[in-house]
Number of protein chains: 2
Amino acid sequence: MDSNTRAKLVDDCVNTIRFLAVDAIQKANSGHPGTPMGAATLAYVLFDRFLKHNPANPHWADRDRFVLSPGHASMMLYAMLHLTGYDLPLSELKKFRQLGSRTPGHPEYGLTPGVEMTTGPLGQGIAHAVGMAVVERWLAAHYNRPGNPIIDHFTYSIVSDGAMQEGITSEAASLAGTLGLGKLIAVYDDNHIQIEGSIDITFRENVARRFRAYGWQVVGPVNGHDADAVEAAIEEARNDEMRPSLVICETVIGYGSRRGGTARVHGEPLGEEEVQWAKENLGWPTTPDFYVPDNVREHMGLALQRGQDQEEEWKNRLQAYRDDFPEDAAQLEALLLGKLARGWDIGLKDLFPPDTKSMATRIASGTVLRTLAPMVHALIGGSADLSPSTKTTIEGAGDFGWRQFIGHNLHFGVREHAMGAIANGMSLHGGVIPYTATFLAFSDYMRPPMRLAALMGIRVIYVFTHDSIGVGEDGPTHQPIEQLMNLRSIPNMTLIRPADATETAEAWRLALENTTGPTVLVFTRQKVPVIDREKCQPAEGVRHGAYLLWQSSAGEPELILIGTGSETSLALEAGQTLAGEGIAVRVVSMPSWELFDRQDQAYRDELLPPAVRARVSVEAGSRIGWERYIGLDGAAVGMNGFGASAPADELFRHFKITAEAVADQGRALVRG
Amino acid sequence: MDSNTRAKLVDDCVNTIRFLAVDAIQKANSGHPGTPMGAATLAYVLFDRFLKHNPANPHWADRDRFVLSPGHASMMLYAMLHLTGYDLPLSELKKFRQLGSRTPGHPEYGLTPGVEMTTGPLGQGIAHAVGMAVVERWLAAHYNRPGNPIIDHFTYSIVSDGAMQEGITSEAASLAGTLGLGKLIAVYDDNHIQIEGSIDITFRENVARRFRAYGWQVVGPVNGHDADAVEAAIEEARNDEMRPSLVICETVIGYGSRRGGTARVHGEPLGEEEVQWAKENLGWPTTPDFYVPDNVREHMGLALQRGQDQEEEWKNRLQAYRDDFPEDAAQLEALLLGKLARGWDIGLKDLFPPDTKSMATRIASGTVLRTLAPMVHALIGGSADLSPSTKTTIEGAGDFGWRQFIGHNLHFGVREHAMGAIANGMSLHGGVIPYTATFLAFSDYMRPPMRLAALMGIRVIYVFTHDSIGVGEDGPTHQPIEQLMNLRSIPNMTLIRPADATETAEAWRLALENTTGPTVLVFTRQKVPVIDREKCQPAEGVRHGAYLLWQSSAGEPELILIGTGSETSLALEAGQTLAGEGIAVRVVSMPSWELFDRQDQAYRDELLPPAVRARVSVEAGSRIGWERYIGLDGAAVGMNGFGASAPADELFRHFKITAEAVADQGRALVRG
């Protein structure tokens, strides 16, 4: 191909991407044309000249990962996926942003083949990409053998000015630099424009200097509309395997439109007239819409054969790997499938025998983690600088640190927000079961990625300890009140707050088994009694979310007491008191609303008979919300405001969260 | 004083601070000795050599502000406040971390004189300090006159490694650099240690380079145990009035203890033996506890007279200011008192006459803001780069930007988390009524400062638009589901979701009047009908949180329909349908749970008669939580999972949030 033909081909590819996006947005009468028009060259160069992927198999384990951090540029990604041969026909592009299409407003994981994660909330993309790059290095460290790097791929992300301003990006970039994730490459679409105008009004920092301070290689700035310049810059980024790389590409937002270079082109369709003007301006046919020239179709379509060849080569190497290292291969393949080994949970059996002394559930959790880790190699995680308190270190399993990629313990630093996102990215990559940990009060810092995990339906385990006023002296900033209710209300999030050590083991088991969404595990700071399972029903009931723990007599009770976590034992004590007074009382342990709500009506009605309206809940958190189970006629023992700084025992008395208070409320409901 | 005496005095002061903290923590058997021991010199130099404050009047408007970002070092602050003459006697220090004391585990605003904000959650402190520095410059720009800088003070903060890792710090520092807040000085207690060990395991970035990239002056590193070196560095920081300054002070955590320089000294009492060793090591008397030598008592106590003199001088200047500029003085003093001008809300009267056409409540909100702004000079705020969508620009009021400190519109950038904290800091400074804005889905990014505002009980207005699936095509990442419930559950947070333009005006009125806590205002993206107030009850009912909007007949109804925001009109339509079918129906508009719950029992029971159990709620958000008002026998129309990407009208039909669905549920409850 001569250089003119080649130059025209590049232009045609880039304009095809641009105008597929423009046309789809125009047809939907909704969307964001600015970034696809401005960054089309970046997407083209990445997909055409670098990305190792097989459009025929979006799940190939050793593919390069690509994350579009500015999810509002979704049509640019859909155009790439369509042109390179993913199962995303033009008919889907024509249904952009319509109900039931595979081309929603922002890319959604699980809905569209080739979409590696759901993006839209700014800053999440690059932070998740860090997690993907972590797992790539971790698997490589464990399984690569001389001459056969069975896991060896890049993680690319296109990032925008918006993401650069988000704190989560700073957190994730700082950690990526600390770890030396050399196979992570962020391509920065530096267009100097944001919604409120030029970035100068709010963002005068020197991004290149900032990233160098983090320990990144910074390449550029280069002209983001010059494909060869972008290619050379990315090549330079790839060649530095010691540091993550930021490739700064200067672009014009809305390139080709009269509104190019202004905020006006960011977030709404161009309008028919401007679409036509822009096409003419760039020498593009104004009809038909959704035009893909034959040379583009043919050239971009080469990705399919190239990808199949690449995966084939890899499969051959995998076969060689199986032959040479059968045990490693079996373990790696099981990891990639997300499968738990046979008998993985055998250590949980009788881990806490009946004579176990009172212990904090965070301590029990640490014991469970240490017990499971040898059988569940996939477990990798850590805390936001609180592991001595959260008890989440896997002892003896080593650190995942600077250029030391084999350990299981990741020190996230005081970066809760990035921690959540990085853990998500780890799960998305596949091959590991990530967990995070911090105090429950600080779950507030992690909400955006937790919501994304629930939306994506991925397995991540978020451990939160110090789960109530039981925190004690650290006071109201560290005492969660509304957090339990808040986390329960995220769709597809499962929260489990076990009552004691035995329920803690069950909670971990369920978290590991939950492959269709994230799980929140909530543990106490303070000691709680281990429930006497000879007098009470077994902890396996955790599986049902709520279960009959104890009752004074068979049959329908007069009164139901419902407890969670550290307050379950208060409910039990109150129940026994009231039974002594002749009240027919049932005590329900309800560690998980979500698991209970998923039981069938018969189970739920048997446990909480609709006719029994004398119900008391007890939880050392917000009372608001408990009406779901106690209705308008019940009573909630719990918090009605913020906590205070004092020893925990005093606080429980001060805020009247005691067995006596539960008994008083129950008695009043029954006796009137 | 000769140099030896002076050196001993400094040592004595620093050791007094150290060991007051150590003794209090030991007595409480709980707390964090590491930072007070390591950073005592920094606190001493700031308070003794720089801080302009009057311990006898912690509310003096032109005092320097001091924020202790690592709130776990609270005892260091309490020691300073005690020694410099605040109303915090030694007896309070001896009750550290006990119920009812003024010395809680982390500093709490409003509880302890001299505590400028509640700190503890890391990173919040410095971000709030940015807000304080913003208001200082804003007031100065408006009110200072040649020769009489009536507002002219510094904002100091001590920050720690933990804060440096938090994304919110990056966001706030980037904005502070952009704005050129030269009177903001952060003193960095750089001790290289965090809870999980040396910071090298997770934080290898170059902090000085990072802050220079933000546009900050960086001074140091200096030896943080050398008072004169620290003084010189802070002096250098003060001299650069064009840029905020970071003063890097290298310190040894737990200085004086055998555990100094290790993570083991961070978060638990030293123990009696180690206390004794450390005192002996630093040449400090081992008895009595809580020892304050006379020379220290005398020297530190000078702060009181100095402060009174400083305030006196300022008061004289204020009197001169009143004489020279009576109108400006009156306005400034009213601002500082947080008072609204007489007739401030006169523009709201009949702002939306009965014939007003359907409009999105975000549009109505923009109209209200423009109407109020000329009368409420204190209003200053902006959005996280979404003002064209949130309609929160005060047109004609100018920008607050780089070295341009007079405007009312602050471009926060895509930094939701820092935006919340900066707004809080602005409120804490006093003199303004700050507001923020973004999409409701992104409230998740702002939770930690919002919670702090509620805990501190300060007036901040958080505007959130695009409040439901009414967002439409942007899809589930941008469609809030659980956010309404989540924000309602924060103690002392008031959320108002008005039904139409008329309720929107009332909502803003209530937000401005709420001086004891933050208010969340929630607005639609999509158009909603303006309720016909000739047929329905007036919008003033918003004040009661919920009110009778319309009913088919007087007396107790058979059925109650409860709506909020955009769904109120659906409830009304359904009510009229069912009335036509002969059902005695009442329609309740419930824009604010919190305001309703604050009404007396009589009002609540009259509106929602306890005997009427046929109740339907309708809200395009999470159904979970509505049991609070509909009980176990009612029905909730709302969302039960995430949204989707499609035109809004289609989504409401798809998710069955329609007047028909409400009517169907109501009919089923009544007719069975």
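Residues numbered from 1 in each chain as written. Chains lettered and ligands numbered in written order. Predicted model: local features only at pLDDT ≥ 70, side-chain atom pairs only at ≥ 80, totals over all residues. Heavy atoms only, no water.

Engineer: Just checking my understanding: could you explain the overall build of chain A for this structure?
Structural biologist: If you tally the helices and strands in chain A, you get 24 helices and 21 strands. Taken over C-alpha atoms, the radius of gyration comes to 28 Å for chain A, in line with the 26 Å a tight globule of 672 residues would show. Taken along its principal axes, the extent of the C-alpha atoms in chain A is 95 × 60 × 45 Å. Sorting the 672 residues of chain A into buried and exposed places 68% on the buried side. Look at the contacts in chain A between residues 6 or more apart in sequence, and 77% of them connect residues 24 or more apart. Summed over its atoms, the accessible surface of chain A is roughly 21200 Å², and 48% of this surface lies on carbon and sulfur atoms. (Helix = DSSP H or I, 4+ residues; strand = E, 2+ residues; numbered from the N terminus. Rg over C-alpha atoms; globule rule 2.2 N^0.38 Å. Buried < 20%, exposed > 50% of the residue type's maximum accessible area, 1.4 Å probe, protein only. Contact = heavy atoms within 4.5 Å. Areas by Shrake-Rupley, 256 points an atom, 1.4 Å probe, with all protein chains shown as cover.)

Engineer: Just checking my understanding: could you explain the sheet that holds strand β20 (residues 615-622) of chain B for this structure?
Structural biologist: The pairing of strands in a sheet happens through backbone hydrogen bonds and is either parallel or antiparallel. Residues and elements named next belong to chain B. The strand order across the open sheet built from five strands is β17-β19-β18-β20-β21, with neighbouring strands paired in mixed fashion. Every interior strand has two partners, whereas the edge strands, β17 (547-551) and β21 (635-639), have only one. When the angles between neighbouring strand axes are averaged without regard to direction, this sheet yields 25 degrees. Bridging between β17 and strand β19 (residues 585-589) involves four bridges; their strand directions are antiparallel. The residue of β19 that forms the bridge with Q551 is R586. (Pairing = 2+ DSSP bridges. Axes fitted to C-alpha atoms, helices over the stretch in contact; angles between N-to-C directions.)

Engineer: Any chance you could explain empty space enclosed by the protein here in plain terms?
Structural biologist: Unfilled space is identified by rolling a water-sized probe across the atoms. Counted by the stated rule, this structure contains twelve cavities of 30 Å³ or more. Roughly 120 Å³ of volume is contained in the largest cavity. For the largest cavity, the lining is made up of 13 residues, of which M485(A), I624(A), G625(A), M485(B) and G625(B) are closest to its centre. Elements with a minimum of two residues in the lining of the largest cavity: α17 (483-488) of chain A together with α17 (483-488) of chain B. Among the residues making up the lining of the largest cavity, the classes are represented as six nonpolar, six polar and one charged. A volume near 100 Å³ is recorded for the second largest cavity. Every residue along the wall of the second largest cavity is listed here: P121(A), P448(A), R451(A), L452(A), L455(A), A441(B), F442(B), D444(B), Y445(B) and T477(B). Considered class by class, the residues forming the lining of the second largest cavity number seven nonpolar, one polar and two charged. (1 Å grid on protein atoms, 1.4 Å probe; cavity = no way out; pocket = protein on both sides within 12 Å on 5 of 7 lines; lining within 4 Å. Points joined across faces, edges and corners; volume = space filled by probe spheres on them. Nonpolar A, V, L, I, M, F, W, Y, C, P; charged D, E, K, R; others polar.)

Engineer: Quick question: what am I supposed to make of the side chain of E196(A) here?
Structural biologist: Mapping E196(A) onto the fold places it in the loop between β4 (193-194) and β5 (197-198). At 9.1 Å, R415(B) is the nearest oppositely charged side chain to E196(A), a buried residue that forms no salt bridge. A distance of 2.4 Å separates polar atoms of two side chains, one belonging to E196(A) and the other to S383(B). Looking at E196(A), its side chain comes within polar contact range of the main-chain nitrogen of L386(B), at 3.0 Å. Once residues lying within four places of it in the same chain are set aside, the contact partners of E196(A) are I201(A), S383(B), A384(B), D385(B), L386(B), S387(B), P388(B) and H411(B). (Lys, Arg positive; Asp, Glu negative; His and termini not counted. Salt bridge = Lys/Arg side-chain N within 4 Å of Asp/Glu carboxyl O. Polar contact = N/O pair within 3.5 Å; in protein donor to acceptor, adjacent residues only side chain to side chain.)

Engineer: What's the story with the packing of aromatic side chains in this structure? I'm lost.
Structural biologist: The relation between two aromatic rings is expressed through the spacing of the ring centres and the mutual angle of the planes. Residue and element names in this part refer to chain A. Evaluation of the coordinates by the stated rule reveals 36 aromatic pairs over all chains. Ring centres of F154 and Y156 lie 5.7 Å apart, and the angle between their planes is 25 degrees; this geometry places the pair in the stacked category. With respect to class, F154 is no different from Y156; both count as buried. Within the aromatic cluster, the residues linked to one another by ring pairs are W593, F596, Y603, W626 and Y629. Here the guanidinium or amino end of R145 rests over the ring plane of F325, the centre of that ring lying 5.3 Å away. (Phe/Tyr/Trp six-rings, centres within 6.5 Å; stacked < 30°, edge-to-face > 60°. Lys NZ or Arg CZ within 6 Å of the ring centre and 35° of its normal.)

Engineer: I tried to follow unusual backbone geometry on my own but got confused; where do I start?
Structural biologist: Phi is mostly negative for residues that are not glycine, and the peptide bonds are mostly trans. All names here are of chain A. Cis peptide bonds are those with omega within 30 degrees of zero, and the linkage from T287 to P288 qualifies with -10 degrees. By the element assignment, P288 lies in the loop between α10 (272-281) and α11 (294-324). At N29, a residue that is not glycine, the phi angle is positive and equals roughly 55 degrees. In this fold, N29 is placed in the loop between α1 (3-28) and α2 (34-50). Residue K391 is not a glycine yet carries a positive backbone phi of 60 degrees. Along the chain, K391 turns up in the loop between α14 (387-390) and β10 (399-400). Judged by relative accessible area, which is 30%, K391 ranks as partly exposed.

Engineer: Before we go on, may I ask you to explain the interface of chain B and chain A in this structure?
Structural biologist: Think of interface size as the accessible area that goes away when the parts come together; that is how it is often given. With 98 residues of chain B at the contact, the number on the chain A side is 98 residues. For the pairing of chain B and chain A, the buried interface totals around 8400 Å² over both sides, and the portion due to carbon and sulfur atoms is 55%. Linking chain B with chain A are eight salt bridges, by the criterion used here. The closest approach of N and O atoms between R97(B) and D474(A), which form a salt bridge, is 2.7 Å. Taken together, the links from chain B to chain A amount to 58 residue pairs in polar contact (both at pLDDT 80 or more). Its residues placed into classes, the side of chain B that touches chain A shows 38 nonpolar, 34 polar and 26 charged. (Buried area = accessible area lost by both parts, 1.4 Å probe.)

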